[in-house]
Amino acid sequence: MRAKVSLITGAAGEVGQALIQRLSTDYACEQPTAAATPRQILALDLNPLPTALPANVHQVQGSILDTGLLDRLVSEYEIEEIYHLAALLSTRAEFSPDAAHRVNVEGTLALLHLAAQQSEWRNEPVRFIFPSSIAVFGLPDQKTKATAPRVREWEWNYPTTMYGCNKLYCELLGVYFSRHYRQLAADRPTSLDFRAVRFPGLVSAFTIPSGGTSDYGPEMLHAAAQRKPYACFVREDVRIPFMAMPDAVKALIDLARAPQEALSRPVYNVTSFSLSAAEFRDHVLRHFPDAQIGFAPDLKRQQIVETWPADLDDSTARRDWAWHPDYDVDRAFAEYLVPNIRRRYEVGVPVPTGDNCA
Ligand code: SER
């Protein structure tokens with residue numbers, strides 16, 4: 001008998017680490033008896049996971065492009081759901097567009113195939129949870145960005161980056177695989193259950209992202225906590241939406257657990273708070289008054305964020321699966337980011353890597 005697992009790709013990345021912790025902690029809260037079988041997690045990443053792992057996590061080091069490895073995983077495990085987090089982010093993808101296409105598109109395609117095969121074998125759709133991004137939007141100019149209301153899912157789907165193109169296409173591939181793939185031949189209602197959220201810039205207290213264009217937010221904060229000067233790579237007036245990492249993980253899990261009949265779309269905007277880079281700095285200064293934060297815009301990265309919306313309309317997620325962020329901007333800084341980052345850099349206490357069950 002193959003063990004039933006949830007597969008997480010990109011498990012060593014910042015969303016992956018937080019998701020593993022939350023899935024393990026949720027389980028411990030829901031199933032406090034020793035006799036219960038924990039949710040088994042198969043954590044796949046090119047890199048090793050950095051912290052000690054809960055007992056229910058099986059780590060596999062390798063690439064999503066290694067079809068031999070994927071075949072082996074399928075032969076050893078029954079994959080019930082997939083959180084496909086592995087990706088090259090927007091700035092890195094501009095430097096290595098071919099590599100980005102391979103990882104972001106071919107890697108996703110390989111996993112969609114895997115999910116479709118597993119669904120057929122189980123005679124039940126595998127749930128495929130996909131984090132998409134504000135990068136799928138592309139506003140044509142600053143006037144439009146300034147006057148556009150909170151952007152809806154179907155508006156301005158004209159990405160300007162390789163990463164944004166990859167994410168938008170993979171959303172469409174996911175829909176194709178869930179609604180059309182082999183449907184006629186096999187006479188099946190669905191071959192997999194694809195669900196996606198479009199994240200704004202994510203901010204974690206425990207990890208610093210790499211290769212993203214929204215990274216100036218978390219970089220500013222982590223630099224301030226380390227008393228290091230920081231030069232922000234976008235202009236002060238640039239405005240995009242952000243979200244604290246616990247809310248990002250909550251969005252993935254809540255979407256995964258939502259009943260299929262409640263979902264009116266396959267892809268949902270989710271957001272929390274919208275800040276200009278200057279406002280982000282002001283929040284950092286409120287908690288770290290001595291922080292040295294300047295602005296030295298990088299033209300290419302500036303141009304990328306200029307095409308991203310200033311805010312997202314996530315009313316459909318709120319209506320369909322009761323999405324709401326737990327952290328508005330003040331709570332995110334005061335209760336999640338600042339205390340945890342202080343502990344990390346100033347006190348040297350080992351950092352808890354999960355959130356409470358509440
Ligand atoms: N955080 C991502 C990036 O900057 C956007 O979703 O690439």
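Residues numbered from 1 in each chain as written. Predicted model: local features only at pLDDT ≥ 70, side-chain atom pairs only at ≥ 80, totals over all residues. Heavy atoms only, no water.

A. How the structure looks around the pairing of strand β6 (residues 192-199). Extensive coverage of β6 is indicated by the burial of eight of its eight residues. Residues L192, F194, A196 and R198 point to one face of β6 and D193, R195, V197 and F199 to the other, with burial holding for every one of them. In this sheet, β6 lies alongside strand β5 (residues 126-133) in parallel orientation, the contact comprising eight bridges. Residue S133 lies in a different strand from β6, and its bridge partner there is F199. Alignment of β6 against strand β10 (residues 267-269), held across three bridges, turns out to be parallel. Within the sheet, the bridge partner assigned to R198 lies in β10 and is N269. (Buried < 20%, exposed > 50% of the residue type's maximum accessible area, 1.4 Å probe, protein only. Helix = DSSP H or I, 4+ residues; strand = E, 2+ residues; numbered from the N terminus. Pairing = 2+ DSSP bridges.)

B. Broad picture of the packing of helix α4 (residues 97-122) against helix α6 (residues 162-179). At a minimum axis separation of 10 Å, α4 and α6 run at an interaxial angle of 15°. As summarised for this structure, α4 and α6 are arranged roughly parallel, according to the angle between their axes. Considering only the axes of α4 and α6, their crossing is right-handed. Contacts from P97, A100, H101, N104, V105, T108, L109, L112, H113 and A116 of α4 reach α6 at M162, Y163, N166, Y169, C170, L173, G174 and F177. Of the residues in the contact of α4 with α6, the class split is twelve nonpolar, six polar and no charged. (Axes fitted to C-alpha atoms, helices over the stretch in contact; angles between N-to-C directions. Parallel < 35°, antiparallel > 145°, perpendicular 65-115°, else oblique. Left-handed = near helix turned anticlockwise from the far one by under 90°. Contact = heavy atoms within 4.5 Å. Nonpolar A, V, L, I, M, F, W, Y, C, P; charged D, E, K, R; others polar.)

C. Quick look at the nonpolar core. Among the nonpolar cores identified, the biggest contains 115 residues, and Y83, Y216 and W321 are the most heavily contacted of them. With nine residues, α4 is the largest single contributor of residues to this core. Excluding residues that lie within four positions of it along the chain, Y216 makes contacts with Y230, C232, F233, V234, V238, I240, F242, A277 and V305. (Core = buried A, V, L, I, M, F, W, Y, C linked by side-chain atoms within 4.5 Å.)

D. Just the site of the ligand, in detail. The immediate surroundings of the ligand are formed by L89, S90, S133, Y163, G212, T213, S214 and W308. A distance of 2.5 Å is found between an oxygen atom of the ligand and a side-chain nitrogen or oxygen belonging to S90. A distance of 2.6 Å separates an oxygen atom of the ligand from a polar atom in the side chain of S133. Considering the ligand on its own, with 240 Å² of exposed area, one finds that the protein chains cover 92% of that surface. More than half of the atoms of the ligand fall within 2 Å of the grid points belonging to the largest pocket. (Near = heavy atom within 4 Å. Polar contact = N/O pair within 3.5 Å; in protein donor to acceptor, adjacent residues only side chain to side chain. Areas by Shrake-Rupley, 256 points an atom, 1.4 Å probe, with all protein chains shown as cover. 1 Å grid on protein atoms, 1.4 Å probe; cavity = no way out; pocket = protein on both sides within 12 Å on 5 of 7 lines; lining within 4 Å. Sits in = over half its atoms within 2 Å of the grid points.)

E. Highlighting the sheet that holds β5. Ordered in space as β3-β2-β1-β4-β5-β6-β10, the seven strands form an open sheet in which the pairing is parallel. Where the open sheet ends on each side, the last strands, each with one partner, are β3 (57-61) and β10. Averaged over neighbouring strand pairs, the angle between their axes works out to 25° when direction is ignored. Contacts from helix α2 (residues 67-76) reach β1 (3-9), β2 (41-45), β3 and β4 (77-84) within the one sheet, and its direction differs from that of β4 by about 125°. In the packing of α4 onto the sheet, the strands contacted are β1, β4, β5 and β6, and the crossing angle to β4 comes to about 140°.

F. Quick peek at unusual backbone geometry. One non-glycine residue, N123, adopts positive backbone phi at about 60°. Note on placement: N123 falls in the loop between α4 and β5. Of note in this structure, W156 is not a glycine but carries a positive phi near 50°.

G. Here's a closer look at the layout of surface pockets. Size it by volume and the largest pocket reaches roughly 1,000 Å³. What lines the largest pocket is a set of 44 residues, among which G13, E14, L85, A87 and L89 lie closest to the centre. For the lining of the largest pocket, the elements supplying multiple residues, two or more each, are α1 (14-30), β2, α3 (90-95), β5, α6 and β7 (201-203). Looking at the lining of the largest pocket, the element that brings in the most residues is α1, giving four residues. (Points joined across faces, edges and corners; volume = space filled by probe spheres on them.)

The quantities given are spatial measurements derived from coordinates; they are silent on function.
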